[in-house]
Amino acid sequence: MKPAPFAYRKARSLDEAVALLGEHADARLLAGGQSLIATLNMRLSAPSLLIDINGVSGLDRIAVKDGMVEIGALVRHVQAERSDIISTHVPLIARAMPHIAHAAIRNRGTLGGSIAFADPAAELPACLLALDGEVEATGPQGKRTIKAQDFFKGLFETALGPQDVLTAIRLPMATPETRVGFAELARRHGDYAIVGLAASARADGVGLADVRLAYFGVGDTPLRVRKAEEALTGGAIDDKRLDSAVAALDLDPHDDIQATAPVKKHLAGVLLRRVAKQLTEARA
Ligand SMILES: Cc1cc2nc3c(=O)[nH]c(=O)nc-3n(C[C@H](O)[C@H](O)[C@H](O)COP(=O)(O)OP(=O)(O)OC[C@H]3O[C@@H](n4cnc5c(N)ncnc54)[C@H](O)[C@@H]3O)c2cc1C
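About the cut-offs
- Throughout this description, residue numbers start from 1 for each chain and increase along the sequence as written.
- Under the rules for a predicted model, residues below a pLDDT of 70 receive no local features and side-chain atom pairs below 80 are neither given nor counted, while totals for whole chains, interfaces and linings still include all residues.
- As a rule here, side-chain values cover all heavy atoms of the structure and leave hydrogens and water aside.
- Strands were regarded as paired on the criterion that DSSP finds at least two bridges between them.
- For helices the rule is a DSSP run of H or I covering at least 4 residues; for strands it is a run of E covering at least 2, with both sets numbered from the N terminus onward.
- Angular values range over 0 to 180 degrees, each being the angle between N-to-C directions of two axes fitted as lines to C-alpha atoms, with helices fitted over their stretch in contact.
- For each residue, the accessible area found with a 1.4 Å probe, counting protein chains only, is set against the maximum for its type, and the residue is called buried under 20%, exposed over 50%, and partly exposed in between.
- Counted as a polar contact is a pair of N or O atoms within 3.5 Å, where, for protein atoms, one must be capable of donating a hydrogen and the other of accepting one, and residues adjacent in sequence contribute only when both atoms are in side chains.
- Only heavy atoms matter for contacts: two residues are in contact if any of them lie within 4.5 Å across the pair.

Caption draft 1: Fine view of the sheet that holds strand 6 (residues 134-139). Here we have five strands laid out as an open sheet, ordered 4-5-10-6-7, and antiparallel in their pairing. The open sheet is flanked by strand 4 (62-65) and strand 7 (142-147), the only strands paired with a single partner. Neighbour-to-neighbour, the strand axes of this sheet turn through a mean angle of 25°, independent of strand direction. Sheet topology places strand 6 next to strand 10 (residues 165-172); five bridges connect them, and they run antiparallel. Directly across from E136, in strand 10, lies its bridge partner A168.

Printed below as a string of structure tokens:
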């Protein structure tokens, strides 16, 4: 199918992008276009104007700032995949990147686009939540910061306002005690996951503390499972603790086109065992 007709403007600055959003209530920002263009072609969306932000300078950098890694909204997936800063300081993102789509899509798709689109089966929103990261949004009143836990509001729905541009995400830098884990089950490598799990924790003696487990593909948003997190906390990760964490999994997935709810729940338990094992391994 072809998209409905739309006008196109290339914004040269953030101010211009924000102003254009204010002038056109049904405009959409265009970043990598890897999700947006598909929704236009399928006529799931018919904005009157596309505001291309690819010409806005300063949004394509990865930098360490105040103990956080700041990733500009226009950083492409491939750039993150190859970044030394990311592999050294945010190893969870490095682990997740190869699971996102295929090389051609990763060449164009942006981290900002993925977080703003908030697909419930996408890897990066779950990583942002597992890492207790934050989003920087720029709107008519300037910049503001939104914590990951407050950002994902519903199915493809975020805390971004109609005139907001997501300008960066910020993630805490890993320490020597940081442990991360990532696994997903997809029909083919690169497909959206049937179920996935992104996790972070702090090594604490023989066990783990500050466990954060963020599932994707099992609800309208990425979801933490607090009871399973508690069950994994505080002692050696042995079979008994793993069994109780799986039994405590507080998830209530719905059927979707990929799998039934019981299958998803079962797969969530399988992933929990795999990821818990990764969390016990120190980084090489
Ligand atoms: C075949 C295929 C397979 C895929 N598989 C996966 C997968 O396995 N996992 C996965 O996570 N993704 C997958 N994707 C999506 C891909 O990762 C996209 O790149 C990403 O979801 C959106 O990034 P984008 O830069 O292309 O955004 P765009 O498509 O340009 O925009 C997406 C939406 O976000 C908005 N937006 C974009 N940037 C901003 C911003 N800075 N501020 C505010 N709003 C903004 C747009 O207005 C639009 O509504 C797949 C895509 C395809 C086509």
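Caption draft 2: Representation of the side chain of R212 in the model. Within the secondary structure, R212 sits in strand 13 (residues 207-216). On the basis of relative accessibility, which here comes to 12%, the residue R212 falls in the buried class. A polar atom in the side chain of R212 sits 2.9 Å from the backbone oxygen of L129. In this structure R212 touches L129, A130, L131, D132, Q149, A198, A199, S200, R224 and E229, once residues within four positions along its chain are discounted.

Caption draft 3: A look at the pairing of strand 11 (residues 178-185). Burial within strand 11 is extensive, with seven of its eight residues counted as buried. Inspection of the sheet shows strand 11 paired to strand 12 (residues 195-204) by eight bridges, in the antiparallel sense. Residue pairing in the sheet places E184 in a bridge with G196 of strand 12.

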